[in-house]
Amino acid sequence: MNHALRRAMANAKMTETELAEACGVDAKTVSRWIADPTRIPHARHRWAACEALGEEEAALWPTAVRSALKTGPDREVLQVFPYRSAAPASLWRSLITKAQKELTFAGYTNYFLWLEQANLAGALRRKAQSGCRVRFLIGDPDSPVTRAREEEEGVPLTLSTRIAVTVSELHRLREVGNIEGRFETGHVNLSVFRFDDEMIVTPILARRVGHDSPMLHLRRSQPDGMFDRFADHVEELWSRGRDIWEVAERGQA
């Protein structure tokens, strides 16, 4: 939710309908501005809203201001959070919902997604059925890399347990086309989540679990920029990965 916009409207004693009239848009559009913190109105609508509310654009839509000022590679950085857990769950849902072509979840366990996103399986099923490619790159639970990281984290809910949750959830979606999963260990210290041309990157810190690590929200704006570098990293790991279905079938043989 765009809490800054909601507070500004409350302070101005202005309803969604009144703000919509001031900006020349539909009231439902204003509702979407409030509900989705990643939604950036057109410049003329932002300026009209700021004038009506008596607020600065940087306070209501800081991302738009930063994007306008940036000229170098860092313009691909939309938001930074010191902890992944500090990012609103609505951001993740918004990115998943907006993606049309590609959803790639290259977190070592991806466990948190099933906990924080209501009916994630249903959302992924709908995305895949509409033609979106859905991929999960997860850590190999039997790898020495996984065991070493488990010892470093030293938490009761181990990596292999969290990986098992994701594998179990993916098995329920196995019959759905466009949903794939592979094991790889090269991303144990770096999680990359792609949503078409937007991306969330989390570098995993020593002795820290994923939710306790910093997070970057990126949007692709140039060739061979930060977005493309991380995307290439994931593609390399994906090409080296082992299909989780084949691994399961060999284990049952």
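How each quantity is defined
Residues numbered from 1 in each chain as written. Predicted model: local features only at pLDDT ≥ 70, side-chain atom pairs only at ≥ 80, totals over all residues. Heavy atoms only, no water. Phe/Tyr/Trp six-rings, centres within 6.5 Å; stacked < 30°, edge-to-face > 60°. Lys NZ or Arg CZ within 6 Å of the ring centre and 35° of its normal. Helix = DSSP H or I, 4+ residues; strand = E, 2+ residues; numbered from the N terminus. Buried < 20%, exposed > 50% of the residue type's maximum accessible area, 1.4 Å probe, protein only. Contact = heavy atoms within 4.5 Å. Pairing = 2+ DSSP bridges. Axes fitted to C-alpha atoms, helices over the stretch in contact; angles between N-to-C directions. Parallel < 35°, antiparallel > 145°, perpendicular 65-115°, else oblique. Nonpolar A, V, L, I, M, F, W, Y, C, P; charged D, E, K, R; others polar. Arc of directions from axis to C-beta. Disulfide = S-S within 2.5 Å. Salt bridge = Lys/Arg side-chain N within 4 Å of Asp/Glu carboxyl O.

Enquirer: With reference to specific residues and values, describe the packing of aromatic side chains.
Expert: Here the structure, examined in full by the defined rule, presents 8 aromatic pairs. Every member of this aromatic cluster is reached through a ring pair, and the members are Trp 92, Phe 105, Phe 112, Trp 114, Phe 136, Phe 193 and Phe 195. Looking at Arg 84, its charged tip hangs above the ring of Phe 112, at a distance of 3.6 Å from the centre. Against the face of Trp 238 rests Arg 135, its NZ or CZ located 4.9 Å from the ring centre.

Enquirer: Let's hear about the side chain of Ser 191: which residues, and what values?
Expert: On the secondary structure map, Ser 191 appears in strand E5 (residues 190-195). Residue class for Ser 191 comes out buried when judged on its relative accessible area of 6%. Non-local contacts of Ser 191, meaning those with residues more than four positions away in its chain, are made with Ala 106, Gly 107, Tyr 108, Ile 200, Val 201, Thr 202 and Ile 204.

Enquirer: Could you give an account of the environment of Gly 186, naming the residues involved and the relevant values?
Expert: Within the fold, Gly 186 resides in the loop between strand E4 (179-183) and E5. The exposure class of Gly 186 is partly exposed, given its relative accessible area of 39%. Setting aside anything within four residues of it in sequence, one finds Gly 186 in contact with His 233 and Leu 237.

Enquirer: Can you lay out the pairing of strand E3 (residues 133-138) for me, pointing to particular residues and giving the numbers?
Expert: E3 sits mainly inside the fold: 5 of its 6 residues count as buried. Note: strand E2 (residues 102-106) against E3, 4 bridges, orientation parallel. Looking across to E3, one finds that Leu 103 is bridged to Val 134. Relative to E4, E3 runs parallel, the two sharing 5 bridges. Bridge pairing in E4 links Val 134 to Ile 179.

Enquirer: Go over the packing of helix H1 (residues 3-11) against helix H3 (residues 27-35), please, and point to the residues and values.
Expert: Relative to each other, H1 and H3 sit at 125 degrees, their axes nearing to 7 Å. Between H1 and H3, the interaxial angle falls into the category oblique. Facing Leu 5, Arg 6 and Met 9 of H1, the residues of H3 in contact are Val 30, Trp 33 and Ile 34. Grouping the constituent residues of the contact of H1 with H3 by class yields 5 nonpolar, no polar and 1 charged.

Enquirer: Describe the packing of helix H10 (residues 144-153) against helix H11 (residues 159-171), with residues and values.
Expert: At their nearest, the axes of H10 and H11 sit 9 Å apart, and the two run at 120 degrees to each other. Here H11 runs oblique to H10, going by the angle between their axes. On H11, the residues touching Thr 146, Arg 149, Glu 150 and Glu 153 of H10 are Leu 159, Ser 160, Arg 162 and Ile 163. Classifying every residue of the contact of H10 with H11 by side-chain character gives 2 nonpolar, 2 polar and 4 charged.

Enquirer: Break down helix H2 (residues 16-23) for me, with residues and values.
Expert: When H2 is considered as a whole, its buried residues turn out to be Leu 19, Ala 20 and Cys 23. When H2 is viewed along its axis, its buried side chains cluster within an angular range of 105 degrees and face the same direction. If you follow the buried residues of H2, they end up packed against H1, H3 and helix H4 (43-53).

Enquirer: Explain the state of the cysteines residue by residue, including any values.
Expert: Tallying each qualifying case throughout the model produces 0 disulfides. Unpaired in this structure, Cys 50 has its nearest cysteine sulfur neighbour in Cys 23, at a distance of 8.7 Å. Relative accessible area serves as the criterion here: at 10%, Cys 50 is assigned to the buried category.

Enquirer: Please give an account of the pattern of salt bridges that cites residues and values.
Expert: Applying the stated criterion to the full structure yields 16 salt bridges. Glu 153 is the salt-bridge partner of Arg 149, the closest N and O atoms lying 3.5 Å from each other. Placement of the pair is Arg 149 and Glu 153 together in helix H10, with a separation of 4 residues, close to one helical turn. The class of Arg 149 is buried, set by a relative accessible area of 4%. By relative accessible area, Glu 153 is classed as buried at 12%. Put simply, Glu 169 and Arg 172 hold a salt bridge, and the shortest N to O gap is 3.4 Å. Several salt bridges share partner residues, and in doing so they unite Glu 102, Arg 135, Arg 194, Asp 197 and Glu 235 into one network.

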